[in-house]
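Structural characterization, general
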Number of protein chains: 2
Amino acid sequence: MTYTKSTSGKRARKEREFSQPYTTVDVVIFTVIDNALQVLLVQRRAGAGEPFPGRWALPGGFVDVAVDATLEDCARRKLFEKTGVKSPYLEQLGSWGSATRDPRAWSATHVWFALIPAQDVTLAKGANAAEVAWFAVDSVIQKDGLAFDHDTILQAAVERLRSKVEYTSLPAFLLTEPFTLPQLQRMYEVVLGRPVDKSGFRTRMLAASFLKEAGYVAGESNRPAVGYRLADRQTPAVFPRTFSPRSGQ
Amino acid sequence: MTYTKSTSGKRARKEREFSQPYTTVDVVIFTVIDNALQVLLVQRRAGAGEPFPGRWALPGGFVDVAVDATLEDCARRKLFEKTGVKSPYLEQLGSWGSATRDPRAWSATHVWFALIPAQDVTLAKGANAAEVAWFAVDSVIQKDGLAFDHDTILQAAVERLRSKVEYTSLPAFLLTEPFTLPQLQRMYEVVLGRPVDKSGFRTRMLAASFLKEAGYVAGESNRPAVGYRLADRQTPAVFPRTFSPRSGQ
DNA sequence: GAAATAGTGTCTTTGAGACAGTATAAG
DNA sequence: CTTATACTGTCTCAAAGACACTATTTC
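Now for a look at the structure at hand. (Residues numbered from 1 in each chain as written. Chains lettered and ligands numbered in written order. Predicted model: local features only at pLDDT ≥ 70, side-chain atom pairs only at ≥ 80, totals over all residues. Heavy atoms only, no water.)

**Description of the sheet that holds strand β10 (residues 225-230) of chain A**
Residue and element names in this part refer to chain A. Read across the sheet, three strands follow the order β8-β10-β9 without closing on themselves; strand pairing throughout is antiparallel. Each end of this open sheet is capped by a strand with a single partner; those strands are β8 (179-180) and β9 (211-217). Sheet topology note: the β8/β10 ladder contains two bridges and is antiparallel. Residue Thr180 lies in a different strand from β10, and its bridge partner there is Gly227. (Pairing = 2+ DSSP bridges. Helix = DSSP H or I, 4+ residues; strand = E, 2+ residues; numbered from the N terminus.)

This is the structure:
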């Protein structure tokens, strides 16, 4: 990182002071409601000079240099402001930046994605947050009408989520503790969009040893099931991959 | 993305115009030389007001709003300026931003990582690029003396690379075409830092069908071997994961 | 011929997928 | 007892790991 333009020095510095791109943070917040993967969207205001008025967008906005110590702090703040959730599963997704994605200026956004249990949320309506709501991911992706490049970003987030769910315990972060294995299995099935074999699922989950037993839970069904808590609520378990030496387990 | 501060409107807008964080791009460029994974570093200049003078750093710098259409374009430009390579394998790694990582201001950097064959490179010395050189990754990580938070970034890049190598064809991008399977195997072994079984390796590579035969190549050994080219030089092949239905293959 | 590396065959083990079967609750 | 769901057992098959073996070149 030279932090120096290849063009002339003094002019470059002056430009830098006054024409930095916008720096924003957006958060793709997922949950599961009614057996469907949902994403949180915010409706944009219709003021003068506001881009994409009335359109739905991912929650996010400018980094507040005075408030946010890091980009991740900024993402956490935005998530908390909209949902009231304090310790979500949060993972960086990537960044998108170009001259055209924001009609006002060259802008770059840093994007996180989060998984939260629906029960933990209290949507922050009114006040500054014009309108906030959950939307079924599949229908949003089809419609393709979000503000900025948020359709692209949402698409990337869903792909990342679906692919990681194949080999990690991510869906566990969509549940409140304690939860049962059948409940967890349903989260996998909802996210993946296909049924999962019960037997294989159970052996796999228990083999990964990221679950701690927590008594019996009278679920919503006839027979109660064993309840579980996560050993670590920050990091997901990763199921064995290929190409690893057998001794490495 | 509301793009509006929660604080007062007019003042917020004015602040936004004049106190955006720095937006930079850095590139972690990997290659293999002498059977070791190497990373390209640039020595920082010792001018007045220059942070970390004389220290080694990842190549990168400010986004040039007038030149770069997108962040990725910016990354490609920086990579080309230092190496002369036009079409590397390039993948976004993530972004790092905080109030403290740059002593001059709140700054956020977008990081890519690249894989290139050592033979393709012509290091751009002199002129503006003070000093550019390859370093063995392992020793750089041990020393822990890079500028900014580049030690952290390099660490993350190496972890990402090593983990993806377990289930993708990434190491193929470290070779010039045509290459042989034994050469490719050596790339895997260098990156992973452990030996790989020949037989399993071959069946796996050929099963993934991302290679096209390209005649015989008199390698550096006694017996010539079959040469291969990549079917797609942009995207790596992904070897089968777990949790997929058998019919899905 | 010897040496060196390219490439193949085979045995074992693991674990996923499929599916049938058993256990325990509510009504 | 029936029904519904939690949980377990078993068979098959694919693929990885380990390792011995054959093939083709240079010297």
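On we go.
**Focus on the pairing of strand β2 (residues 36-43) of chain A**
All names here are of chain A. Burial of β2 is extensive: six of the eight residues sit out of reach of the surface. Direction of pairing for strand β1 (residues 22-33) relative to β2: antiparallel, over a ladder of four bridges. Paired with Val32 across the strands is Leu37, a residue of β2. Taken together, the six bridges between β2 and strand β7 (residues 131-136) define a ladder with antiparallel strand orientation. Paired with Gln43 across the bridge in β7 is Glu131. (Buried < 20%, exposed > 50% of the residue type's maximum accessible area, 1.4 Å probe, protein only.)

**Description of the packing of aromatic side chains**
All names here are of chain A. In the structure shown here, the tally under the stated rule is 14 aromatic pairs over all chains. Relative to Phe62, the ring of Tyr22 lies with its centre 5.0 Å away and its plane at 80 degrees, an arrangement referred to as edge-to-face. You can see Tyr22 sitting in strand β1 and its partner Phe62 sitting in strand β4 (residues 60-62), a full 40 residues away along the chain. Just as Tyr22 is buried, Phe62 falls in that class too. The interplanar angle of 70 degrees and the centroid separation of 6.2 Å between the aromatic rings of Phe30 and Phe113 together place this pair among those described as edge-to-face. With Phe30 in strand β1 and Phe113 in strand β6 (residues 105-115), this pair connects stretches of sequence that are 83 residues apart. Considered together, Phe30 and Phe113 belong to a single accessibility category, that of buried residues. (Phe/Tyr/Trp six-rings, centres within 6.5 Å; stacked < 30°, edge-to-face > 60°.)

**As for the packing of helix α4 (residues 150-165) of chain A against helix α5 (residues 181-192) of chain A**
All names here are of chain A. Interaxial distance between α4 and α5 falls to 10 Å at its minimum, and their mutual angle equals 135 degrees. Comparing their axes, α5 and α4 come out oblique. In terms of crossing hand, the pair formed by α4 and α5 is left-handed. Here Leu161, Arg162 and Val165 of α4 lie close against α5, whose contacting residues are Tyr188, Val191 and Leu192. Residue composition of the contact of α4 with α5, by class: five nonpolar, no polar and one charged. (Axes fitted to C-alpha atoms, helices over the stretch in contact; angles between N-to-C directions. Parallel < 35°, antiparallel > 145°, perpendicular 65-115°, else oblique. Left-handed = near helix turned anticlockwise from the far one by under 90°. Contact = heavy atoms within 4.5 Å. Nonpolar A, V, L, I, M, F, W, Y, C, P; charged D, E, K, R; others polar.)

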